[in-house]
Amino acid sequence: GKYLASSGKDRRICIWKKGQGGVSSNDENTGGYELTAAADSAHKRIVWSVHFCPSMPNIIASGSRDGFVKVWKVCDSTDDGPQLKELLKFEPSTKGGKKSEPVTAVAFAEGLPDDIIQYGILGIGTESGRIEVWAVPVSDSTSEEPTLLHAIAANDSHFDTVKKLSWRPLAAGNNVENGAVLAYTLASCSQDSGVRIFD
């Protein structure tokens, strides 16, 4: 993709774009990227994870200590340059007995959406070790809500913070054409020193 996203303790989400010729003219220390858009106070607490949708590189998900997942769109068509537009905000279904369950990892699966299917498959990991898979609308012209597809059972989940989620890339020819079923594999790692793989 043409963008790089960053997040942190300042609760901002920053979108960086590769500078002309790979070198930024403003600052030698930026590594060739220029800040092009930012969402100040994108969440109420630290933003732990951001991930671009592989099929729609202008869609990004964020997870935060505030217990919410947000889906954003990088809009190129504004006069002031690219902007971040919030498309939706939701909480995981499992809260671990807390008022809100911090979201520590998010990851979009490859393969969706396309011109017909306007949903992304999003994995969510939490501070309590729980993992959920959601279908999230990624069109800014829809009022549909995200749908929980699967919550990993507590005894199959981690017992400490999920630090990273990653989907296995789809094999060639594994697509939704002709009614085919997509075969996804999700891997997770945790502060409990464990790695789990879910088919």
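Criteria and thresholds
Residues numbered from 1 in each chain as written. Predicted model: local features only at pLDDT ≥ 70, side-chain atom pairs only at ≥ 80, totals over all residues. Heavy atoms only, no water. Helix = DSSP H or I, 4+ residues; strand = E, 2+ residues; numbered from the N terminus. Buried < 20%, exposed > 50% of the residue type's maximum accessible area, 1.4 Å probe, protein only. Contact = heavy atoms within 4.5 Å. Salt bridge = Lys/Arg side-chain N within 4 Å of Asp/Glu carboxyl O. Pairing = 2+ DSSP bridges. Axes fitted to C-alpha atoms, helices over the stretch in contact; angles between N-to-C directions. Polar contact = N/O pair within 3.5 Å; in protein donor to acceptor, adjacent residues only side chain to side chain. Phe/Tyr/Trp six-rings, centres within 6.5 Å; stacked < 30°, edge-to-face > 60°.

### Structural notes on the overall build of the protein
Within the protein one finds zero helices and 14 strands. Evaluated residue by residue, the protein yields a buried proportion of 44% over its 199 residues. Relative to all contacts within the protein whose residues are 6 or more apart in sequence, the contacts with residues 24 or more apart total 49%.

### So, the pattern of salt bridges
Between side chains of opposite charge, pairing is possible as soon as their charged atoms come close. Tallied over the full model, the rule gives three salt bridges. Salt-bridge contacts for Asp40 lead to Arg12; the nearest nitrogen and oxygen are separated by 2.6 Å. You can see Asp40 sitting in the loop between strand E3 (33-39) and strand E4 (47-52) and its partner Arg12 sitting in the loop between strand E1 (3-7) and strand E2 (13-18), a full 28 residues away along the chain. The salt bridge partner of Glu127 is Arg65, with a shortest N-O separation of 2.6 Å.

### Digging into the sheet that holds strand E9 (residues 119-126)
Read across the open sheet, the four strands follow the order E8-E9-E10-E11; overall the sheet is antiparallel. Because the sheet does not close on itself, it has two edges, and the strands there are strand E8 (103-108) and strand E11 (147-151). The sheet shows a mean angle of 25 degrees between the axes of neighbouring strands, taken without regard to direction. Where strand E10 (residues 131-137) and E11 come together, four bridges link them in antiparallel fashion. Each residue of the ladder has a partner; that of Val133, found in E11, is His150.

### A few points about the side chain of His43
Inspection of the secondary structure assignment puts His43 in the loop between E3 and E4. The exposure class assigned to His43 is buried, which follows from its relative accessible area of 2%. There is a polar contact of 2.7 Å between the side chain of His43 and the side chain of Ser62. Here Asp66 takes part through its side chain, which lies 3.1 Å from a polar atom of the side chain of His43. Setting aside residues no more than four positions away along its own chain, His43 makes contact with Arg11, Ser62, Gly63, Ser64, Asp66, Phe68 and Lys70.

### With respect to the sheet that holds strand E5 (residues 59-64)
Read across the sheet, four strands follow the order E4-E5-E6-E7 without closing on themselves; strand pairing throughout is antiparallel. Each edge of the open sheet carries a strand with a single partner, namely E4 and strand E7 (83-90). On average, adjacent strands in this sheet sit at an angle of 25 degrees to one another, irrespective of strand direction.

### So, the packing of aromatic side chains
The tally for this structure, following the rule as stated, stands at two aromatic pairs. With a centroid separation of 4.7 Å and an interplanar angle of 45 degrees, the aromatic rings of Phe90 and Trp134 are classed as tilted. Here Phe90, found in strand E7, pairs with Trp134, found in strand E10; they are 44 residues apart in sequence, far enough to count as distant. Accessibility assignment for this pair places Phe90 and Trp134 in one class, buried. Pairing Trp167 with Tyr184 gives two aromatic rings, centres 5.5 Å apart and planes at 75 degrees, and the pair type is edge-to-face. Here Tyr184 lies in the loop between strand E12 (162-167) and strand E13 (186-190) and Trp167 lies in strand E12, a separation of 17 residues in the sequence. Its relative accessible area of 13% is what places Trp167 among the buried residues.

### Concerning the pairing of E10
For E10, the buried fraction is high: seven of the seven residues fall into the buried class. The side-chain alternation of E10 yields two buried faces, one formed by Ile131, Val133, Ala135 and Pro137 and the other by Glu132, Trp134 and Val136.

### Thoughts on unusual backbone geometry
For Ser193, which is not a glycine, the phi torsion comes out positive at approximately 70 degrees. Inspection of the secondary structure assignment puts Ser193 in the loop between E13 and strand E14 (195-198).

These figures come from the coordinates and say nothing about function on their own.
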